[in-house]
Amino acid sequence: MTTAVIYGEGLGKRYRRGLQVDTGLRHSLEAFLRSPIGSLRRKKEEMFWALKDVSLEVKESEVLGLIGRNGAGKTTLLKILSRITRPTEGWAVIRGRVGSLLEVGTGFHPELTGRENTFLSGAILGMGKAEIERKFDEIVAFAELEKFIDTPVKHYSSGMYVRLAFAVAAHLEPEILLVDEVLAVGDINFQKKCLGKMGDVARAGRTVVLVSHQLNQIRRLCHRVAWIDAGSVRQDGPTHEVVSAYESAMASAERNGGSVARGTGSKARFVRWEIAGSGGGNLQILSTLEPVTIKIVVEIRDAIRHGHHGIALRNLDQQLIWAWAADNVDLPVGTRELCYTFPMLPLRPGPYSWHVSLYDEEDLVDYWDCLPEMIVATEVHQHRSDEWNGILNIPSRFAIQEPK
């Protein structure tokens, strides 16, 4: 079995909130004269945990993604793993040479040329002089700065600066690479190059821990994802499941209860839904492009003779994907399953929501935004560029042949 190269147990980091300023002797004496007793009291320090009780394991050649809100503790975790800061509690073991891309541009001096900064930054990041010389032409070509490499970086635009900084950092060859939100540098074309470079690193069999808010990149690069929330691991598992759950939670927070009000439910009530034949796993995760049946369970308290039933499927942006309705629905008293069978649901991976309604003639009986949401975690059959990713995720076969 593949061995773990990163192992952390009960990691926590506590910081003091606010800035402690030494006011000097004069101010201390003034404070003592104003309030002798008060000045001798020890000021209460406000502490907070940026990271609390985090345990993780990353195996050799695995690409782990870390996602979460700003301030959740992702960068703090990477700083502990890269030995920049010590944990307040817990411990971590790392086996192998570690390279960190935590801050693009570390070690750059504005008065030095691009060439000089390449050697300076590379040395700070752990590269030897011979290694930098061997990769120098490749670094400059990647940054697209051949004409300006001997110009002081203080004359560079912000885009030129970050291009060179990322190019230096991206050509590290460590066994373990820790990356913190550095794929969003430069223009769109350069971002594509950055993404391609990180893909090459992942395919080369190196162990990577990647922090990013660009969830499509996380989906493409990572084998597994950990969702960090308020300093703790909220969810850890397969990429599509965790990313979709995170997207769903963020969208729910934005909507903040803006769904359609349910009916009285006196005659009937939708109670649950599931994907039939999930094999004992999660009943709301779609992981296959084979035929699938969706079951909506409804409890009928009073018989409905001339009912109307509707169903709709929406994506994370509340875009309507599919809808259908049936009239003259006859539902006797008891628990009933409303079943929909599809030859496949070729949807782009992510969270989706089912919406169902039931009317008795003109009266609304119940309307339900089905919870939990459906998570599509199928294999990706999409264009490699994000801007060409559509709603559908349809397998296809490409061939070149002579006309008959």
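All values reported here derive from a predicted model rather than from experimental measurement.

Calculation notes
- Residues numbered from 1 in each chain as written.
- Predicted model: local features only at pLDDT ≥ 70, side-chain atom pairs only at ≥ 80, totals over all residues.
- Heavy atoms only, no water.
- Helix = DSSP H or I, 4+ residues; strand = E, 2+ residues; numbered from the N terminus.
- Buried < 20%, exposed > 50% of the residue type's maximum accessible area, 1.4 Å probe, protein only.
- Contact = heavy atoms within 4.5 Å.
- Pairing = 2+ DSSP bridges.
- Axes fitted to C-alpha atoms, helices over the stretch in contact; angles between N-to-C directions.
- Core = buried A, V, L, I, M, F, W, Y, C linked by side-chain atoms within 4.5 Å.
- 1 Å grid on protein atoms, 1.4 Å probe; cavity = no way out; pocket = protein on both sides within 12 Å on 5 of 7 lines; lining within 4 Å.
- Points joined across faces, edges and corners; volume = space filled by probe spheres on them.
- Phe/Tyr/Trp six-rings, centres within 6.5 Å; stacked < 30°, edge-to-face > 60°.

**Student:** I would appreciate a short explanation of unusual backbone geometry in the present structure.
**Tutor:** Residues other than glycine predominantly adopt negative phi, and peptide bonds predominantly adopt the trans conformation. The omega angle of the peptide bond from leucine 371 to proline 372 is -5°, so this bond is cis rather than trans. Not every positive phi belongs to a glycine, and arginine 83 is a case in point at roughly 65°. Topologically, arginine 83 is positioned in the loop between helix 3 (74–81) and strand 4 (89–94). The backbone phi angle of glutamate 361 is positive, close to 60°, even though this residue is not glycine.

**Student:** Mind showing me how you'd approach the environment of valine 329 here?
**Tutor:** Among the structural elements, valine 329 can be located in strand 14 (residues 320–331). Judged by relative accessible area, which is 15%, valine 329 ranks as buried. In this structure, the C-alpha to C-alpha distance between valine 329 and leucine 358, residues 29 residues apart in sequence, is 9.3 Å. Residues contacting valine 329, with those up to four places away along its chain left out, are Ile304, Arg305, His306, Gly307 and His309.

**Student:** Please explain the sheet that holds strand 8 (residues 224–229) as it appears in this structure.
**Tutor:** Adjacent strands of a sheet form backbone hydrogen bonds with each other and so pair up, either parallel or antiparallel. Across the sheet, which stays open at both edges, the 6 strands sit in the order 5-6-7-3-8-9 with mixed pairing between neighbours. Unpaired on one side and paired on the other, strand 5 (98–101) and strand 9 (232–238) mark the two borders of the sheet. Across this sheet, the average inter-strand angle for adjacent strands is 15°, counted without regard to direction. Across 4 bridges, strand 5 lies against strand 6 (residues 176–180) in parallel orientation. Looking across to strand 6, one finds that serine 100 is bridged to leucine 178.

**Student:** Is there a simple way to explain the nonpolar core in this structure?
**Tutor:** Side chains of nonpolar character tend, in soluble globular proteins, to be buried together. One finds Ile67, Leu164 and Val208 to be the most contacted residues of the largest nonpolar core, which totals 45 residues. In this structure isoleucine 67 touches Lys74, Ser212, Leu215, Ile218, Val225, Ala226, Trp227, Ile228, Val242, Val243 and Tyr246, once residues within four positions along its chain are discounted. The next biggest cluster of nonpolar side chains, apart from the first, holds 30 residues, and it includes Ile275, Ile300, Tyr340 and Met374.

**Student:** Would you mind showing me how to read empty space enclosed by the protein here?
**Tutor:** A water-sized probe rolled over the atoms picks out the places where empty space is left. Counted under the stated rule, the structure contains 1 cavity of 30 Å³ or more. What lines the largest cavity is simply Val54, Ser55, Leu56, Leu66, Leu77, Ala226, Ile228, Val233 and Asp236. Elements that contribute at least two residues to the lining of the largest cavity include exactly strand 2 (47–59), strand 8 and strand 9. By residue number, the principal contributor to the lining of the largest cavity is strand 2, which donates 3 residues.

**Student:** Would you mind going over the pairing of strand 6 with me for this structure?
**Tutor:** Within a regular beta strand, the side chains point alternately toward one face of the sheet and then the other, so they alternate between its two faces. By the criterion of burial, strand 6 is predominantly enclosed, with 5 of the 5 residues buried. By the alternation rule, side chains of strand 6 split into Ile176, Leu178 and Asp180 and Leu177 and Val179, which are all buried. With 5 bridges connecting them, strand 6 and strand 7 (residues 207–211) associate as parallel partners. Its bridge partner being in strand 7, leucine 178 is matched across the sheet by valine 209.

**Student:** Can you walk me through the packing of aromatic side chains in this structure?
**Tutor:** Given two aromatic rings, one states the distance between the centres and the angle between the planes to describe the pair. All told, the structure shown has 9 aromatic pairs when counted by the stated rule. Geometrically, the ring pair formed by tryptophan 322 and tyrosine 340 is edge-to-face, given 6.3 Å between the ring centres and 80° between the ring planes. Of this pair, tryptophan 322 sits in strand 14 while tyrosine 340 sits in strand 15 (residues 334–342); the two residues are 18 residues apart in sequence, bridging distant segments of the chain. You can call tryptophan 322 partly exposed: its relative accessible area is 27%. Accessibility expressed as a relative area gives 10% for tyrosine 340, which makes it buried. With a centroid separation of 6.0 Å and an interplanar angle of 80°, the aromatic rings of tryptophan 324 and tyrosine 340 are classed as edge-to-face. Separated by 16 residues along the polypeptide, tryptophan 324 in strand 14 and tyrosine 340 in strand 15 bring together distant segments of the chain. Grouped by ring-pair contacts, the aromatic residues Trp322, Trp324, Tyr340, Phe342 and Trp354 constitute a single cluster.

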